[in-house]
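# Structural overview
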Amino acid sequence: MTEQKYKFLSTPRRPVEDRRFVAGRGKFIADLDRPNMLHVAPLASHHAAAVINGIDASAALAMPGVVDVITGAELAAAVQPLMNGLNTPNVRRFPLAVDRVRYAGEWVCAVVAESRALAEDALEKIIVDATPQPFILDAEAALLETSAPVHPEHGSNLLLDRKFVWGPVDDDFDAAAHSLSFSVTWGRNSTVPIETFGVLAEWNGWDQMLDIWASIQMPKYADQIARSLDLPGNAIRVHYDVDVGGSYGVKRGIKHSVLVGYIARKLGCPVRLIEDRLENMRAGDAHGPERKFDITIAFDQDGTVRSMKMRALDNAGAYAGRAPFQLGKPISAIVGPYQINSVAYHALSVTTNKTVQEAVRGFGQAPTNYAIETAMDRVAEYLGMDRLALRQKNLIRKDQFPYLIPSGSYYDSGDYHAVIDKVLAAADYPAMLAERDRLRDAGMMAGIGIAACLEPSGGNSSFEPLLNQSNQTSTWMESCQVNIDALGKLTARIHTTSSGQGHETLVSTVLGEVMQIDPELIRITRPNSLESLPGNSPVGSRMAIMLGGAAARAGEKLKAKIMAIAAHRLGVAIDQLRYEGGDVLAHDGRRFTWDEMVELAHRQYHNLPDGMDPGLASFDIMQVPTGDALPVDDKVQMYPCYSFEFHLLLVSFDPIIGRPDIHSYVIGHDCGTVINPAIVSGMTYGGIAHGIGAALFEEFAYDTNGQLLTQSFLDYLMPSSHEVPAIQIVKHCTPSPHTVFGQKGSGESGYLGAPAAVSAAINDAVSSLGIHFEKLPIRMSAISDAIAAKTS
Amino acid sequence: MNDVTLTINGKPVSGVTEPRVTLLDFLRDVAGLKGTHAGCEHGVCGACTVLIDGTAVRSCLMLAVQAEGEDITTIEGIGGSGARAGELGVIQDAFCETHGLQCGYCTPGMILAAEALLSVNTDPTEHEVREAISGNICRCTGYVQIVDAILLAAKRLGQRNDAVPSDATLA
Amino acid sequence: MKPVRFDYKRPATIDEACGLLAGDDNARILAGGQSLIPMLSMRLSRPSLLIDIAHIPELTTFVETETHIEIGAMVRQAVAQKSELVKTHIPLLAKALGHVGHPPTRARGTVGGSVAHADPSAEIALVAATLGAEITYRVDGTDEIFDASDFFIGPMLTIAPPTGCLTRLSFAKAPAVCGTGFHEVAPRKSDYALASAAAQINFAAGSGVTSIHLGIGSVGDFPERLDVNQLCGTPLDDAAIADAVHAAMQMVETVEDLHATAAYRKRVATELAIRALRDARDEISKDLNQ
């Protein structure tokens with residue numbers, strides 16, 4: 001095992017961030033007060049669609065403490081539209097609605113006042129003259145030519161319509177003995193962090209500088225704001241030392257930030273917008289994918305799955321943003337962990353009068369995994385074959401890596417069969433089966449769910465050029481700077497906010513390992529964006545690979561310099577030296593100590609090798625491994641690393657009540673070399689909890705009037721400590737050949753397979769009744785109703 | 001506007017505030033104690049949990065004016081402060097030990113819920129721990145390492161010689 | 001999510017509270033606030049004055065009479081849950097209280113506040129309606145008493161006098177031998193119930209089962225008492241219980257929402273009512289066999 005190889009890596013170490021959080025001393029956006037700060041409250045549209053005829057804010061403006069009311073018309077005249085990932089220039093989006101509203105809750109205008117309460121008082125005095133328009137909520141209906149477009153200027157509701165054929169799909173279907181078709185729908189949910197989004201902006205006219213503090217997890221955030229506000233990139237200073245209270249993808253906040261940046265500049269004072277929970281739910285523009293899959297799968301009598309046709313229709317909501325790209329990431333693992341020879345993929349994204357989508361944990365991979373795993377269960381059911389045996393037959397074997405999938409990505413490494421064997425042993429699978437049968441005999445509905453899936457990690461953005469040919473992006477770097485001060489202590493700088501991923505622990509552990517220095521002694525800081533090197537923030541399950549990689553490489557550069565100084569000082573060749581715990585040992589036993597080295601580098605230029613720069617600093621800007629090319633023939637290497645997870649759980653429920661009770665949950669997880677075990681386990685547990693929510697509880701549901709029904713936590717139901725069971729993680733390590741320590745990503749782990757597994761367990765429980773639940777979440781009411789319909 | 005004086009972490013804190021201001025907003029905006037967090041502001045998520053007479057309650061479901069005369073403990077009242085800042089209470093230390101958190105946003109509420117539990121139940125079962133934190137939503141951890149932390153803290157508190165029921169007295 | 005502006009008063013007596021209430025059409029009583037304050041924050045409730053009754057001593061007491069237990073309106077749910085009087089004499093309420101919210105909301109929420117708020121899924125209201133508790137309001141200096149069985153008339157709607165202040169709930173003491181059952185179902189344990197049922201069977205040595213109380217909540221617009229007294233004098237076997245509950249449920253009207261269909265609520269309420277009655281019966285059998 002790899003655990004023995006490292007001094008700090010993969011060892012149980014306390015994450016360094018935890019100390020401030022347990023004391024309530026995190027620095028969250030709402031904790032920041034600036035003198036004379038103003039507060040913003042947006043006015044929400046009551047209509048799902050309407051033309052705005054006029055806005056009368058005079059009564060609001062006359063109220064004491066109210067400073068300004070900003071309308072969409074004012075804003076649109078002053079800022080550029082928000083960035084759009086696709087080539088749909090007529091799907092224009094501004095922070096506030098311009099001329100028409102396109103979903104209930106959309107911001108119509110914004111009050112600026114001396115307190116949030118005063119701003120909310122003023123909202124009630126604004127009169128909006130609006131004419132309701134027809135609206136559309138269903139994605140299939142939005143595709144119809146007879147449906148009114150959400151953006152009339154765009155001409156239709158279609159944002160994306162791409163067909164891919166990878167491999168001999170027709171031949172494989174012809175050759176296969178059987179095929180079957182089915183549809184499943186992934187309900188609209190999101191990560192819903194407990195901290196809502198917030199941003200604080202302050203304009204300094206003397207410096208011509210816009211300072212921004214925000215609870216962001218957003219690549220190229222400063223660039224996008226600068227573009228929209230028509231400011232030079234170096235006139236935006238984003239402060240990365242803000243703790244983010246959870247994100248899991250969604251904390252992008254560009255619209256909030258452009259609005260607040262504009263107001264701050266207009267009024268010349270600090271301005272803050274903290275979403276309240278209702279605003280966050282209905283108009284934070286942070287809903288996740290809502291996706292219908294139509295799948296046809298071809299297979300042989302022995303269970304060999306040959307080919308798959310997948311149509312994925314995503315309901316993007318009222319504006320495009322980056323949401324349609326969430327149909328792109330799954331292309332990198334479109335066959336899951338299976339040897340499927342060919343795939344036809346039809347990706348469709350449409351606008352509707354619902355809240356705008358944002359990136360959610362897994363960027364579209366969890367819905368696709370749910371569809372693939374449902375397909376495997378359906379094939380097994382069709383053939384009367386054991387679900388586990390079917391999977392084991394089709395899984396990629398460990399001797400097949402690197403394994404090229406039809407859509408052009410190589411999977412780096414894995415031993416899927418070994419992970420599954422470990423899980424079956426840990427869970428005592430025969431006992432689990434016996435327990436299921438015992439529960440059934442006792443009159444309960446009981447089912448076992450299994451799901452195997454991949455977590456593509458290392459986050460580059462090759463789905464962008466794949467889905468949008470005018471986009472030539474092939475760079476998706478991350479960076480780290482390291483400095484050893486004149487007293488010999490290490491400080492590393494990272495260039496992003498964190499939302500619980502433990503980046504300070506990651507970098508200090510990695511640097512400690514490389515430099516053989518206790519990570520506790522290494523300081524991590526987060527400068528602002530102007531003092532930072534380029535990076536792309538913690539998205540796409542990439543930071544262990546990319547920030548960890550950049551930190552390790554920066555450390556190696558420092559070490560190389562230290563070795564060169566030592567070689568010069570000791571008068572021996574570098575290959576005669578050995579680095580040990582900060583000191584350098586010569587083969588003859590002489591020791592060049594860390595302190596001497598620091599003294600030379602900082603104070604004795606005359607003792608440094610000729611031409612060497614003084615000081616002990618390095619940096620690294622690292623490109624995504626394997627992510628070096630644009631797509632060719634609709635194929636591309638999208639991610640460098642593929643983590644594997646295998647879920648196994650037992651569920652039971654009373655046939656009348658229908659409330660699923662998870663008895664046991666075991667997950668096998670292989671994300672290569674682990675940097676910090678507690679962090680990886682925590683993310684996996686949390687991902688499973690979130691997946692249980694997606695499978696059973698969480699949905700942004702709309703009524704027939706286009707109103708969001710689940711705006712509060714009374715209706716949007718997130719699992720509590722009662723709904724998440726004790727979970728057993730079975731660890732396995734197949735190092736990646738592409739990363740500095742063999743690490744892979746784990747930030748999306750658990751979530752990528754849990755919804756599929758929970759759905760499978762419920763479906764297994766009702767299989768004897770011929771029931772298939774084809775939509776998530778599977779509510780207890782739906783379970784009970786379906787059973788009643790079959791048994792009454 | 002009302003003059004309000006609250007007893008927070010054993011000290012009186014006075015401020016002028018409207019009756020409509022919740023205890024949560026008073027703690028954050030008037031008392032300057034930012035460790036109590038707003039999550040939903042309608043009483044479901046538990047991020048704003050504080051202790052009143054040692055019992056966990058929602059500070060978003062109380063008005064500041066209602067809290068006059070009550071003994072309020074916030075996360076700032078747990079563990080060391082001032083010159084002793086950096087000294088963790090037993091429960092806080094256990095959360096660090098098991099990594100019973102990630103983003104840290106629900107954490108103060110979780111720790112106070114754990115304080116309330118362990119002050120009346122020194123040897124809770126896993127089920128009792130889950131019940132005690134069932135009103136505190138965490139989106140990061142799936143609760144597993146939080147439950148581990150609270151059970152670990154209970155064990156450590158039980159091993160103490162001085163039978164101090166909770167580490168709140170460290171403040 | 002900030003409330004509208006309002007004034008706040010802390011009366012020291014019930015009559016002072018009633019005077020304040022009478023003096024402002026838009027005044028509201030603030031008890032534990034666990035339901036009212038979220039409505040304030042969402043501006044669904046927009047009072048001009050809040051009258052905080054937490055500091056009126058007589059509202060926080062239990063009074064035991066020969067036949068009844070009276071619970072002051074401001075008694076916190078957590079206090080009632082721990083009360084020996086409640087455990088001994090109102091065992092059905094004791095069972096139900098564990099299902100109310102979760103520990104932090106029970107710490108502040110009050111018995112009276114829950115009844116006055118009249119949420120259709122509220123457990124305390126269900127028990128009160130099932131047992132026919134007496135609900136006392138102080139109006140213009142005099143007490144008006146309402147039978148909880150017909151006090152609730154719609155979601156958040158009761159026949160309470162608009163200028164009255166709820167002062168206490170009075171429950172008849174359960175007989176020495178009695179059985180109770182309480183069940184509810186919610187998506188998550190502490191959510192509003194999708195269906196709930198409460199049952200109490202009273203027994204007297206010599207005469208056998210003297211009365212059967214059954215109620216269901218969360219199913220329609222208010223907690224409803226079901227008449228299954230025809231079961232008195234029968235052996236209370238499973239089949240008879242099921243038949244009686246099915247018959248009683250015939251006329252029940254059910255509501256539907258995102259979380260549960262009307263059919264679900266009715267089906268599950270029926271099942272829970274059956275289980276509650278069976279639990280009550282089994283408790284009596286156990287008592288008698290001891």
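Not measured: the values here are computed from a predicted model. (Residues numbered from 1 in each chain as written. Chains lettered and ligands numbered in written order. Predicted model: local features only at pLDDT ≥ 70, side-chain atom pairs only at ≥ 80, totals over all residues. Heavy atoms only, no water.)

## Remarks on the overall build of chain B
As a reminder of what qualifies: Only runs of H or I of at least four residues qualify as helices and only runs of E of at least two qualify as strands under DSSP, and these elements are numbered from the N terminus. The globule rule is 2.2 Å times the number of residues to the power 0.38, and the radius of gyration it is compared with is taken over C-alpha atoms. Only protein chains enter the accessibility calculation, which uses a 1.4 Å probe; a residue is then buried when its area is under 20% of its type maximum, exposed when over 50%, and partly exposed in between. In what follows, residue pairs with any heavy atoms lying within 4.5 Å of each other are defined as contacts.
The helix and strand tally for chain B stands at five helices and five strands. Counting from the amino terminus, chain B carries its helices and strands in the arrangement β-β-α-β-β-β-α-α-α-α. In terms of C-alpha radius of gyration, chain B reaches 16 Å, essentially the compact-globule figure of 16 Å for 171 residues. The proportion of buried residues among the 171 residues of chain B is 68%. For chain B, the share of sequence-separated contacts (at least 6 apart) that also reach a separation of at least 24 residues comes to 57%.

## Looking at the domain arrangement of chain C
Residues and elements named next belong to chain C. Going by this rule: Segment limits for the domains were obtained from an automatic or database-derived domain assignment. Reported buried area values correspond to the accessible surface (1.4 Å probe) lost by two parts on association, with both partners' losses combined. Pairs of N or O atoms are called polar contacts if they sit within 3.5 Å, as long as, within protein, a hydrogen donor faces a hydrogen acceptor (for residues adjacent in sequence, only side-chain-to-side-chain pairs).
Along its sequence, chain C is carved into domain 1 (7–52), domain 2 (57–172) and domain 3 (177–289). Domain 2 and domain 3 are separated by 20 Å when their C-alpha centres are compared. Counting from both sides, the interface comprises 23 residues of domain 2 and, opposite them, 25 residues of domain 3. Of all residues in domain 2, Lys95, Leu126 and Thr130 bury the most surface against domain 3, accounting for 27% of the area lost on that side. Here domain 2 is connected to domain 3 by five residue pairs in polar contact (both at pLDDT 80 or more). Of all the elements in the fold, those that place two or more residues in the side of domain 2 that touches domain 3 are α5 (91–97), α8 (123–131) and β8 (152–154). With seven residues, the single largest contributor to the side of domain 2 that touches domain 3 is α8.

## Re the interface of chain A and chain C
Keep this limit in mind: Salt bridge, as used here: a side-chain nitrogen of Lys or Arg that lies within 4 Å of a carboxyl oxygen of Asp or Glu. When residues are grouped by polarity, Ala, Val, Leu, Ile, Met, Phe, Trp, Tyr, Cys and Pro land in nonpolar, Asp, Glu, Lys and Arg in charged, and all others, Gly among them, in polar.
Between chain A and chain C, the contact holds 33 residues from the first and 26 residues from the second. Taking both sides of the interface into account, the surface hidden between chain A and chain C amounts to around 2500 Å²; carbon and sulfur atoms contribute 58%. Between the two partners, chain A and chain C, sit six salt bridges. Its salt-bridge partner being Arg275(C), residue Asp654(A) comes within 2.6 Å of it at the nearest N-O pair. Inspection of the chain A/chain C interface yields 19 residue pairs in polar contact (both at pLDDT 80 or more). Going through the elements one at a time, α4 (116–123), α9 (277–283) and α20 (780–791) of chain A are the ones with two or more residues in the side of chain A that touches chain C. Looking at the side of chain A that touches chain C residue by residue, the classes come out as 15 nonpolar, six polar and twelve charged.

## Focus: the interface of chain B and chain A
Taken together, the contact pairs 46 residues of chain B with 55 residues of chain A. For the pair chain B and chain A, the summed buried surface comes to about 4000 Å²; carbon and sulfur atoms form 56% of the total. Viewed at the interface, chain A and chain B are joined by six salt bridges. Asp31(A) is paired through a salt bridge with Arg28(B); the nearest N and O atoms lie 2.8 Å apart. In this assembly, chain B and chain A are joined by 24 residue pairs in polar contact (both at pLDDT 80 or more). Broken down by secondary-structure element, the contributors of at least two residues to the side of chain B that touches chain A are α2 (90–98), α3 (107–120), α4 (126–132) and α5 (144–159) of chain B. Among the elements that line the side of chain B that touches chain A, the one with the most residues is α2(B), at five residues.

## A few points about the packing of aromatic side chains
In this description, a pair of aromatic rings is defined by centroid distance and the angle of the planes. To keep things clear, this is the line we draw: Only centres within 6.5 Å qualify two rings of Phe, Tyr or Trp (six-membered ring in Trp) as a pair; their planes then separate them into stacked at under 30 degrees, edge-to-face at over 60, and tilted for everything else. Two conditions define a charge located above a ring, namely a distance within 6 Å from the ring centre to NZ of Lys or CZ of Arg, and an angle within 35 degrees of the ring normal.
Inspection of the entire model under this criterion finds 20 aromatic pairs over all chains. On the basis of an interplanar angle of 80 degrees and a centroid distance of 5.4 Å, the ring pair of Phe401(A) and Tyr416(A) is categorised as edge-to-face. A residue pair is termed long-range when its members are at least 10 positions apart, and Phe401(A) in the loop between α11 (387–394) and β16 (403–404) and Tyr416(A) in helix α12 (residues 416–427) qualify at 15 residues. Comparing Phe401(A) with Tyr416(A) shows no difference in burial state: the two are buried. Chaining the aromatic ring pairs together yields one cluster made of Tyr137(C), Phe146(C), Phe151(C) and Phe152(C). In this structure, Lys255(A) is placed above the aromatic ring of Trp107(A), and the distance from its NZ or CZ to the ring centre is 4.0 Å. The ring of Trp203(A) is capped by Arg265(A), whose NZ or CZ atom sits 5.0 Å from the centre of that ring.

## So, the sheet that holds strand β1 (residues 2–8) of chain B
All names here are of chain B. What counts, and what does not: Two strands qualify as a pair provided that DSSP identifies no fewer than 2 bridges between them. Simply put, an axis is a line fit to the C-alpha atoms, just over the touching stretch for a helix, and the angle between two N-to-C directions goes from 0 to 180 degrees.
In space, the five strands of this open sheet follow the order β2-β1-β5-β3-β4, with mixed pairing throughout. Strands with a single pairing partner mark the edges of an open sheet, and in this sheet they are β2 (11–17) and β4 (55–58). Recorded for the sheet is a direction-independent mean angle of 45 degrees between the axes of neighbouring strands. Pairing of β1 with β2, which is carried by seven bridges, proceeds in the antiparallel orientation. Among the inter-strand pairings, Thr5 is bridged to a residue of β2, identified as Ser14. The sheet strands contacting helix α1 (residues 23–30) are β1, β2, β3 (49–52) and β5 (71–73), and the helix crosses β2 at an angle near 100 degrees.

## Observations concerning the sheet that holds strand β6 (residues 134–139) of chain C
Residue and element names in this part refer to chain C. With respect to topology, five strands assemble into an open sheet ordered β4-β5-β10-β6-β7, the strand pairing being antiparallel. Edge positions in the sheet fall to β4 (62–64) and β7 (142–147), since each has one partner strand and no second. The sheet shows a mean angle of 25 degrees between the axes of neighbouring strands, direction not considered. Both β6 and strand β10 (residues 165–172) contribute to a ladder of five bridges, which runs antiparallel. Bridge pairing links Thr136 to Arg168 in β10.

## Some words on the side chain of Asp172(A)
Let me state the cut-off plainly: His residues and chain termini do not enter the charge count, which takes Lys and Arg as positive and Asp and Glu as negative.
Summarising the element assignment, Asp172(A) is placed in helix α6 (residues 169–175). Buried and unpaired, Asp172(A) has no salt bridge, with Arg306(A) as the nearest side chain of opposite charge at 4.7 Å.

## Regarding the domain arrangement of chain B
Residues and elements named next belong to chain B. Domain annotation of chain B identifies domain 1 (2–77) and domain 2 (82–160). Placing the centre of domain 1 and that of domain 2 at their C-alpha centroids yields a distance of 21 Å. Residue-level contacts link 18 residues of domain 1 with 14 residues of domain 2. Both faces combined, the contact of domain 1 with domain 2 buries some 1100 Å², and carbon together with sulfur accounts for 61% of it. It is His37, Thr49 and Ile75 that lose the most area in domain 1 upon contact with domain 2, and together they represent 41% of the buried surface on that side. Applying the counting criterion to the domain 1 and domain 2 interface returns zero salt bridges. Remark: the boundary between domain 1 and domain 2 carries six residue pairs in polar contact (both at pLDDT 80 or more). Listing elements by their share of the side of domain 1 that touches domain 2, those giving two or more residues are β3 and β4. Its residues assigned to classes, the side of domain 1 that touches domain 2 comprises eight nonpolar, nine polar and one charged.

## Here's the deal with the pattern of salt bridges
What the rule picks out here adds up to 89 salt bridges over all chains. Among the salt bridges present, the one from Glu504(A) reaches Arg20(A), with a minimum N-O distance of 3.1 Å. Taken together, the residues Glu504(A) in helix α15 (residues 503–515) and Arg20(A) in helix α1 (residues 18–22) connect sequence positions 484 residues apart. By relative accessible area, Arg20(A) is classed as partly exposed at 25%. Put simply, Arg116(A), Glu120(A), Asp121(A), Glu124(A), Asp276(A), Glu279(A), Glu18(B), Arg20(B), Arg5(C), Arg43(C) and Arg46(C) are held in one network by salt bridges that share partners.

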